[in-house]
Amino acid sequence: MSFTGKYELQSQENFEPFMKALGLPDDQIQKGKDIKSISEIVQDGKKFKVTVTTGTKVLHNEFTIGEECEMEMLTGEKVKAVVQMEGNKLIANMKGLKSVTELNGDTIVNTLTLGDLTYKRISKRI
């Protein structure tokens, strides 16, 4: 199963409280809450390139499964992380933030957990 493709955000849960907890300014939260971001994933074996475009903001991360890499967080901060693959899931822990990205057919569900807060994004292949 390949994650390769372009995905458009269909729905999200708990966006505002989660972004506030991350420390994003209110004006960025208000601008970002209604934008349908586009995620583009290129998978080449264990190597991944992920580009998420939300309006004018572009987040770009590259990683290899099981190897330490530098990841850019939603706040722009760069942190060290190791991404693991378990079946159809990509799992990463970055500075107290857990990210699980699950591929089911043409749908990607990305669940981010920070403490007791959970933010869920559902995107469909376009």
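Look up a bit, the structure's there.
These notes cover the structure that comes with them. Position labels on residues start from 1 in each chain and follow its written sequence. Local features in this predicted model are restricted to residues whose pLDDT is 70 or higher, and side-chain atom pairs enter the listing and the counts only when it is 80 or higher, whereas totals over whole chains, interfaces and linings include all residues. Side-chain numbers here rest on the full set of heavy atoms in the structure, without hydrogens or water.

Our next topic: the sheet that holds strand 5 (residues 68–72). Whenever strands of a sheet pair, they do so through backbone hydrogen bonds, lying parallel or antiparallel. Any two strands are treated as partners once DSSP identifies two or more bridges connecting them. Each helix is a run of DSSP H or I of at least 4 residues and each strand a run of E of at least 2, with the numbering of both proceeding from the N terminus. If you walk across this open sheet you meet the 10 strands as 4-3-2-1-10-9-8-7-6-5, and the pairing is antiparallel. The strands lining the two open edges of the sheet, one partner per strand, are strand 4 (57–64) and strand 5. Averaged over all adjacent pairs, the angle separating strand axes in this sheet is 25 degrees, with direction ignored. Where strand 1 (residues 5–13) lies against strand 10 (residues 117–125), 6 bridges are found, and the strand directions are antiparallel. Along strand 10, the bridge assignment pairs S11 with I122. Two residues form a contact once any of their heavy atoms are found within 4.5 Å. The axes used here are C-alpha line fits, helices contributing only the stretch in contact, and every angle between their N-to-C directions lies in the interval 0 to 180 degrees. Those strands touched by helix 1 (residues 15–22) are strand 1, strand 8 (97–104), strand 9 (107–114) and strand 10, and its axis lies near 120 degrees from that of strand 10.

A few words on the packing of aromatic side chains. Aromatic pairs are defined between Phe, Tyr and Trp rings, using the six-membered ring for Trp, whenever the two ring centres lie within 6.5 Å; interplanar angles under 30 degrees are classed as stacked, those over 60 as edge-to-face, and all others as tilted. One pass over the full model with this rule turns up 4 aromatic pairs. Each ring, one from F3 and one from F48, has its centre 5.8 Å from the other, and the planes form 75 degrees; the classification is edge-to-face. One end of the pair, F3, is in the segment before strand 1; the other, F48, is in strand 3 (residues 47–54), and 45 residues separate them in sequence. A single burial state applies to F3 and to F48, both of which are buried. Centre to centre, the rings of F15 and Y119 are 5.8 Å apart; their planes meet at 65 degrees, and the pair counts as edge-to-face. A residue pair is termed long-range when its members are at least 10 positions apart, and F15 in helix 1 and Y119 in strand 10 qualify at 104 residues. The rings of F3, F48 and F63 are connected pair by pair, giving a single aromatic cluster. A simple rule labels every residue: compare its accessible area, found with a 1.4 Å probe on the protein chains alone, to the largest value its type can have, and call it buried under 20%, exposed over 50%, or partly exposed in between.

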